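Here is how the chains run, residue by residue.
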There are 2 protein chains.
Amino acid sequence: MALVHYPVVNKSGDTIASAVTNLDLHDISRAAKTYGVKRFFVVTPLTDQQVLVDRIIAHWTTGAGGVYNPKRQAALELACLTASLDDAVAHITETERDAPRIVATCARVCNSSIEYAALREKLKTGKPYLLVFGTAWGLSEQVLEEADFILKPVAGRSHYNHLSVRSAASIIMDRLLGIDS
Amino acid sequence: MALVHYPVVNKSGDTIASAVTNLDLHDISRAAKTYGVKRFFVVTPLTDQQVLVDRIIAHWTTGAGGVYNPKRQAALELACLTASLDDAVAHITETERDAPRIVATCARVCNSSIEYAALREKLKTGKPYLLVFGTAWGLSEQVLEEADFILKPVAGRSHYNHLSVRSAASIIMDRLLGIDS
């Protein structure tokens, strides 16, 4: 999985780099650990944000946080800071000896989106997949265009589709990797 | 739905009142709005925490937040502060003219837990149900004992069961009320 802070769009549709949210790292790491995700990439090119991410991860993996709460340590150990999505792809390609298929997520309906059941089947093949989430108002068009697949948006019972990225990532992992749903 | 800050347990199993987390209100309101939940009760008996919850809700419903982001306003309008779970039950009983069945959630496996499919069917009857989530280390034994049902824990692909309450609430709403999962 990857949580992207650049390139994403703001409320007006401009491409921006968003700020890192501490609870995104916690919530998404914990869900990733629950669902057996191998690695959680936190993507930001901003140096000051990289320092922050490094500090948060270090506190919970090698610092005092890990001693206080080993369950949180086990989750945050999945987190890996990269400067770009390409760096995350390179990391997976090296570790898995195979380039990952990139699955972008998007709250808007796209023509060619892949269904949950279809992606669930693909994941069973054991080939590497990288599931990509955007912060702020979502992934930039460029990331969506370059992805191998765009996952169908999460549908609830209303036309309201403004879940937090923490909620969306949790629900999507459950739909793709959950048991007994 | 209700998010309970008292009575819940801490790491050692003692019954405590937990502090309110701003992002819990946002994430769970947004998910509740997505899944057509009628009301999101934020339960705390602590006066200073009630002031905080009131301020957060007011900022996003009648204050500047709602003007800045009407989508967030639509979500936070579901939030309703109560001093106890009993008060939430009384509120529903008055509004729905029928006492709700109480469904407690718990990360531990219980003998008599209800399955998602079974609860999904019950929800279709249109009778009022109150889905209850605990903060901190979860709902106290007393709440679990007094509930009509205890929902089966969310199962991932590992033995790790330490989702945030924001993630668990989102996933459970999707399992019970989601479409196309």
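Here is what the cut-offs are and how they apply
- Residues numbered from 1 in each chain as written.
- Chains lettered and ligands numbered in written order.
- Predicted model: local features only at pLDDT ≥ 70, side-chain atom pairs only at ≥ 80, totals over all residues.
- Heavy atoms only, no water.
- Phe/Tyr/Trp six-rings, centres within 6.5 Å; stacked < 30°, edge-to-face > 60°.
- Lys NZ or Arg CZ within 6 Å of the ring centre and 35° of its normal.
- Helix = DSSP H or I, 4+ residues; strand = E, 2+ residues; numbered from the N terminus.
- Expected span 1.5 Å × (residues − 1).
- Buried < 20%, exposed > 50% of the residue type's maximum accessible area, 1.4 Å probe, protein only.
- Contact = heavy atoms within 4.5 Å.
- Buried area = accessible area lost by both parts, 1.4 Å probe.
- Salt bridge = Lys/Arg side-chain N within 4 Å of Asp/Glu carboxyl O.
- Polar contact = N/O pair within 3.5 Å; in protein donor to acceptor, adjacent residues only side chain to side chain.
- Nonpolar A, V, L, I, M, F, W, Y, C, P; charged D, E, K, R; others polar.

### Quick word on the packing of aromatic side chains
With the rule as written, the count across this model stands at 0 aromatic pairs over all chains. Stacked on the ring of Trp60 of chain A, the Lys or Arg Arg72 of chain A has its end atom at 5.7 Å from the ring centre.

### Some points on helix 1 (residues 22-34) of chain A
For helix 1 of chain A, which comprises 13 residues, the first-to-last C-alpha distance of 19 Å matches the rise-based estimate of 18 Å (1.5 Å per residue) to within 8%. Within the sequence span of helix 1 of chain A, burial applies to Asp24, Leu25, His26, Asp27, Ile28, Ser29, Arg30, Ala31, Ala32 and Thr34 of chain A.

### Remarks on the interface of chain A and chain B
How large an interface is tends to be reported as the accessible area lost when its parts come together. Taken together, the contact between chain A and chain B spans 42 residues of the former and 42 residues of the latter. Summing both partners gives a buried area of about 3,700 Å² for chain A against chain B, and 50% of it is carried by carbon and sulfur. Of all residues in chain A, Thr34, Arg157 and Tyr160 of chain A bury the most surface against chain B, accounting for 19% of the area lost on that side. Remark: the boundary between chain A and chain B carries 4 salt bridges. Two residues, Arg166 of chain B and Asp27 of chain A, come together in a salt bridge whose shortest N-O distance is 2.6 Å. Remark: the boundary between chain A and chain B carries 28 residue pairs in polar contact (both at pLDDT 80 or more). Counting residues per element, the ones that place at least two in the side of chain A that touches chain B are helix 1, helix 4 (70-76), helix 6 (116-123) and helix 8 (165-177) of chain A. Considering every element that reaches the side of chain A that touches chain B, the biggest residue donor is helix 8 of chain A, with 8 residues. Taken together, the residues that form the side of chain A that touches chain B break down as 16 nonpolar, 12 polar and 14 charged.

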